[in-house]
There are 4 protein chains.
Amino acid sequence: MTGPVALGLLGAGRIGRVHARSIAAVEDAHLAAVADPDETAASSVARQTGARPASADEVIDDPAIQGVVIATPTDLHAEQIESAARAGKPIFSEKPIALSLDRARRTVSAVARRGVPLMIGFQRRFDPSYRRLREIIDGGEIGDVELVQITSRDSAPPRIAFVESSGGLFRDMMIHDFDIARFLIGEEIVEVAATGSALVDAAIGAAGDVDTAAAVLRSRSGRLALISNSRRTAYGYDQRVEVHGSRGMVSAGNPVATTVTRAGESGFATDPLSDSFVDRFSDAYRLEIEAFCDLVNGGEVDYPDGTDGLVSLAIADAATRSLETGRSVAVADPTGP
Amino acid sequence: MTGPVALGLLGAGRIGRVHARSIAAVEDAHLAAVADPDETAASSVARQTGARPASADEVIDDPAIQGVVIATPTDLHAEQIESAARAGKPIFSEKPIALSLDRARRTVSAVARRGVPLMIGFQRRFDPSYRRLREIIDGGEIGDVELVQITSRDSAPPRIAFVESSGGLFRDMMIHDFDIARFLIGEEIVEVAATGSALVDAAIGAAGDVDTAAAVLRSRSGRLALISNSRRTAYGYDQRVEVHGSRGMVSAGNPVATTVTRAGESGFATDPLSDSFVDRFSDAYRLEIEAFCDLVNGGEVDYPDGTDGLVSLAIADAATRSLETGRSVAVADPTGP
Amino acid sequence: MTGPVALGLLGAGRIGRVHARSIAAVEDAHLAAVADPDETAASSVARQTGARPASADEVIDDPAIQGVVIATPTDLHAEQIESAARAGKPIFSEKPIALSLDRARRTVSAVARRGVPLMIGFQRRFDPSYRRLREIIDGGEIGDVELVQITSRDSAPPRIAFVESSGGLFRDMMIHDFDIARFLIGEEIVEVAATGSALVDAAIGAAGDVDTAAAVLRSRSGRLALISNSRRTAYGYDQRVEVHGSRGMVSAGNPVATTVTRAGESGFATDPLSDSFVDRFSDAYRLEIEAFCDLVNGGEVDYPDGTDGLVSLAIADAATRSLETGRSVAVADPTGP
Amino acid sequence: MTGPVALGLLGAGRIGRVHARSIAAVEDAHLAAVADPDETAASSVARQTGARPASADEVIDDPAIQGVVIATPTDLHAEQIESAARAGKPIFSEKPIALSLDRARRTVSAVARRGVPLMIGFQRRFDPSYRRLREIIDGGEIGDVELVQITSRDSAPPRIAFVESSGGLFRDMMIHDFDIARFLIGEEIVEVAATGSALVDAAIGAAGDVDTAAAVLRSRSGRLALISNSRRTAYGYDQRVEVHGSRGMVSAGNPVATTVTRAGESGFATDPLSDSFVDRFSDAYRLEIEAFCDLVNGGEVDYPDGTDGLVSLAIADAATRSLETGRSVAVADPTGP
């Protein structure tokens, strides 16, 4: 399906390495160059993939590189996306485009003017189970969607330094759920009510953020989405979705590493979930990069684009304001004039 | 555990008949008299249980009757509770005490002055699985409760006439979930944000009510409860709860009528859930009446009392106002001066 | 469905009391008399049900009693069945009819000559899940049955005194599975290969019996049934069946007392199964007595009769011989000349 | 863990290609050469992996090749194993070593004389769930093993030509279950009783084989293993194991491709299983090749060796004789003099 594709990678941290492995696994694609200020990280990825270490500018400007994968810290995304757009290259960028909606909007406009595709790293859309939910909904089996429920729980809170620069739980964590709610609910979100507490770690509260949160989204015609987030579980990374429609329900749960059940005096027991979002969404990470390679090759791909990135950020902004004000907050169309 | 107990029943409709059967099943308890303006209904219950048909006043005033079970339409509850209290009898009443919080508060005060116990028919507290959740939480296994999620869906909407006199979804349906949230969250609720839509039946919207709804409750220390309600499923009556704590999670799901699984080309299939809340909570209905008999006998019983009825109604009032205003609404202590 | 039915009960031990409760629960049926050499046991049942204590002969001969329920020790079954048949009364008897196939055959013949119905207490046929399996099979959904698998495990071994008089595991315990295999496989069993060991309790081995056993049954056209038995589990009474056909599979598992799941660092846990076959098959015990009342009333009832009792005993005999000889053993038609 | 390892592959059919992919996925291992009489098949594997096409003799004799992977038709296994042993190379071979136990025994002796390791392709031992079962058993959690149950069902029967040359169901299909029974039961098997029928396809019966089969194995101390096999399901490839011990039970079931559940009027539905054993055991196939690379590197590896291959074949022989004679058949120690 894909022709030979040469990609460049900006960022060789945790998620950058995930993308490097995914690129290696795509037939007829290869990682040509990798850039990271941490030369050890860059060299390590280079050695494993055959890519050459380079600066970010070199990656972006190299005419042999056909697409750029951005996995750098958030504050670099907007600028690097714009640079890659100026170089005329298809772009894959981790979310968010920027912490500021205005800044993100300028970036998306700049990309649009250059006419290059921009895929945002909402990898969950490529998870086989979530994709299947969407197919079943699109096929009409459950009728009109009425209510979406998303339970999304990290296994452990991030470092405080990360929390402080993250833009808050709604922009950093729940933004994935906003995107999935939009992916499944089939209408634009017009209103958000959100609340939250710092129950897991008082330091998160002291940093002005929450670690336990709930949001209720409302779509144009009154469809509802309930989302709950927590930064901590005892039993692993927990991601579940259910979609209720006028004629039925579809849900997706957590995959398990083994199918082993143990039974004894205290009952029946199965293993905890994996702690790692990389494990949980390993198929999704691979499939989104495959889709990006298709996109680079000019294929017809259904993918989360810049507008999807903007809209989820606008919802996150509204949720943050709702948390602060105790009011439902309307979600403005971020693509409007 | 219980000595011989003679009970009187007001109301021989659907739920009254459920209670009549439960009383028959309690060892050493019996239904002495039953009152219903519909004489056919009263006679039918009388015939099956050996009770005598009587008027409501006769039931309340009969000195041989040791406790009164009220299963009449909502608008009679307050007055009948007060009459039974004046007669000095322990009272079991279906919820709500009244649709108006003021009226309900006067009733609870009147009962308190008479010093008789008043049990409110929040039967879910007696469901073996929900009770087990509470025991596990009380035992400390999951640490401090942080987040409760309740999914509560009727199999089919009620008649419009009922909807019109019900006080709205939050007072009629979600009130059960408010009570369970309080039962499990371990702190008083101080704030509610609620929203809803009429997606199931436009006539429900025309009657000024919603049929698809969400609420987020916040307790004193910031614990959250998310509740979703719908008046319709395709697959039966759906009641699920999960409670997330600092050290783990407990959940309760839907019991199944059979354990049969069928497998074929299209995969694996199990039966739909029962459509009936009476089936779903059959154990709970029996166990709450057993507990009421213990209460009549002077036993130590953990039960939902008048204050529990008031508080849930206060939360329902706050949720209704939140729906109307788009704001979080504080829940006032209904027992205060 | 049933008219008023007066029943007599022989035997007020564990299973006799189960039947007494079931009779009390059937509308329009009542227990008129109960006999047990242990007068305390008989009186206790009598007090709870309103029956009068009586001798076995009095129960059988009382013209007001329309049906006899036999729940005495095995060595009394044959004689009491024959007495009740002579009295012209429909009979429900616990299995086995007798430990000796010859003796049982004479009893069934005697009953047949009197023309009274004889229902054998293979209660599992009335379990809602097993009954559903049969309906699905009869409806053709899984095509022709090819293979049945039955896992049947007691929670704890019986007393050695019981083991010594039980006729051995195949006649006492696996006989229930032979009956269910016949109920589901849809053809007569023609051959059995069985083996077993005493792994749970050496005393069982010393008594000449096994406590861990396997049998493979073969039907006329070559359909197979695999049965495993054990006298002990750590996790409760375990009864599972799966039926594989040419177009699909149906299975039934263990019902659970609660739907509670606990999750923590070590994973997910659910409760053990009930230890008690009375709990596990409580619906089945009630439904078989309901069916017997229908039978007494002349209703059309699908029930395990004397021949079913004989055939399962013949399979148990063949299995016992197979264990002793290490050969497959043909199952003779016990109803033949 | 593994150093750089150069492997040669004999056989580029379905399973050969699986192994080629696994080798490509092992870090620091590579496929140096591939042989197949079908040059198209060999070239295709060569192209995808960078291996060079070669004859079998060239692969075996090439001094740069450190280990040989044999995935040819069964009738070539013995001779190729012996050639590779003469060349002093560690050998991985698909099962069975030969259809004749005598022939297989000569091969294993020849390998032993050369002192090279021989791993047999019982890949299920490397399945993460099965491996976990073994670890739990070895850890003592379930006490002494008493009973093993294996349900093993192909999704569709093989071609008749294959059936005719396969040595029969017990040597071709159930041999995997014999190996897993040995892997889990913790003692040698001393006796087998087996039976079977041709219910799926009359042509299989006409070819002298069965397609629906059962076997009961007995270990030295009387532990039992029940195995059922069928050549057809409607719902996918079905592999389940449960192990009952004196203190508990462990089981492993079928992994699922998605976690999607659909609910509607007819109940709850999940997807069928994958039809493909390659999908089902994809992890196992990869992990066994990883283990083989470790073995080539001189690592300490727990693996199924030539003796395991012989013993499972001896059990299959005994099962075949049991099917023919209707008797339990003793399993002779195939490694004895």
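Quick summary incoming for the structure in this document. (Residues numbered from 1 in each chain as written. Chains lettered and ligands numbered in written order. Predicted model: local features only at pLDDT ≥ 70, side-chain atom pairs only at ≥ 80, totals over all residues. Heavy atoms only, no water.)

### Regarding the interface of chain B and chain D
How big an interface is tends to be stated in terms of accessible area lost as the parts join. Contact with chain B, which involves 13 residues of that partner, is made by 13 residues of chain D. For the chain B and chain D pair, buried surface summed over both sides reaches about 1,000 Å², with 61% attributable to carbon and sulfur atoms. Counting the contacts that link chain B with chain D gives zero salt bridges. Those elements that provide at least two residues to the side of chain B that touches chain D are β13 (261-264) and β14 (267-270) of chain B. Considering each element in turn, the side of chain B that touches chain D owes the most residues, four residues, to β14 of chain B. When grouped by side-chain class, the residues that make up the side of chain B that touches chain D number seven nonpolar, four polar and two charged. Here three bridges tie β14 of chain B to strand β14 (residues 267-270) of chain D, and the two strands are oriented antiparallel to one another. In the strand pairing of β14 of chain D, F268 of chain B is matched with T270 of chain D. (Contact = heavy atoms within 4.5 Å. Buried area = accessible area lost by both parts, 1.4 Å probe. Salt bridge = Lys/Arg side-chain N within 4 Å of Asp/Glu carboxyl O. Helix = DSSP H or I, 4+ residues; strand = E, 2+ residues; numbered from the N terminus. Nonpolar A, V, L, I, M, F, W, Y, C, P; charged D, E, K, R; others polar. Pairing = 2+ DSSP bridges.)

### Looking at the relation of the copies chain B and chain D
Note on the copies: chain B fits chain D at an RMSD of 0.1 Å, the axial shift is 0.0 Å, and the rotation between them is 180°. Here the symmetry operator amounts to a two-fold rotation axis. Distance from the rotation axis, computed per C-alpha, reaches its smallest value in chain B at A269 of chain B: 2.2 Å. In this assembly, 100% of the residues forming the interface of chain B have copies in chain D that are likewise at the interface, indicating an isologous arrangement. (Least-squares fit on C-alpha atoms with pLDDT ≥ 70 in both.)

### Section: the pattern of salt bridges
Tallying each qualifying case throughout the model produces 92 salt bridges over all chains. Linking D172 of chain B and K95 of chain B is a salt bridge whose minimum nitrogen-to-oxygen distance equals 3.8 Å. Of this pair, D172 of chain B sits in helix α8 (residues 169-172) while K95 of chain B sits in the loop between β5 (91-93) and α5 (101-114), and the two are 77 residues apart along the sequence. The exposure class assigned to K95 of chain B is buried, which follows from its relative accessible area of 11%. Residue R171 of chain D pairs with D317 of chain D through a salt bridge whose shortest N-O separation is 2.7 Å. Here R171 of chain D is found in helix α8 (residues 169-172), whereas its partner D317 of chain D is found in helix α13 (residues 306-325), with 146 residues between them in sequence. In this structure, R171 of chain D and D317 of chain D share a single accessibility class: buried. A single salt-bridge network, built from bridges that share partners, covers R125, D179, R182, E188 and D308 of chain A. (Buried < 20%, exposed > 50% of the residue type's maximum accessible area, 1.4 Å probe, protein only.)

### Quick word on the environment of R52 of chain B
All names here are of chain B. Residue position: R52 is located in strand β3 (residues 52-53). Each C-alpha atom, one on R52 and one on V34, is 6.3 Å from the other, the two residues being 18 residues apart in sequence. The residues contacting R52, other than those within four sequence positions of it, are A32, A33, V34, A46, D62 and I65.

### Structural notes on the relation of the copies chain A and chain B
In the superposition of chain A on chain B (RMSD 0.0 Å, axial shift 0.0 Å), the rotation amounts to 180°. A share of 100% of the interface residues of chain A reappears at the interface of chain B, consistent with the copies meeting face to face through the same patch.

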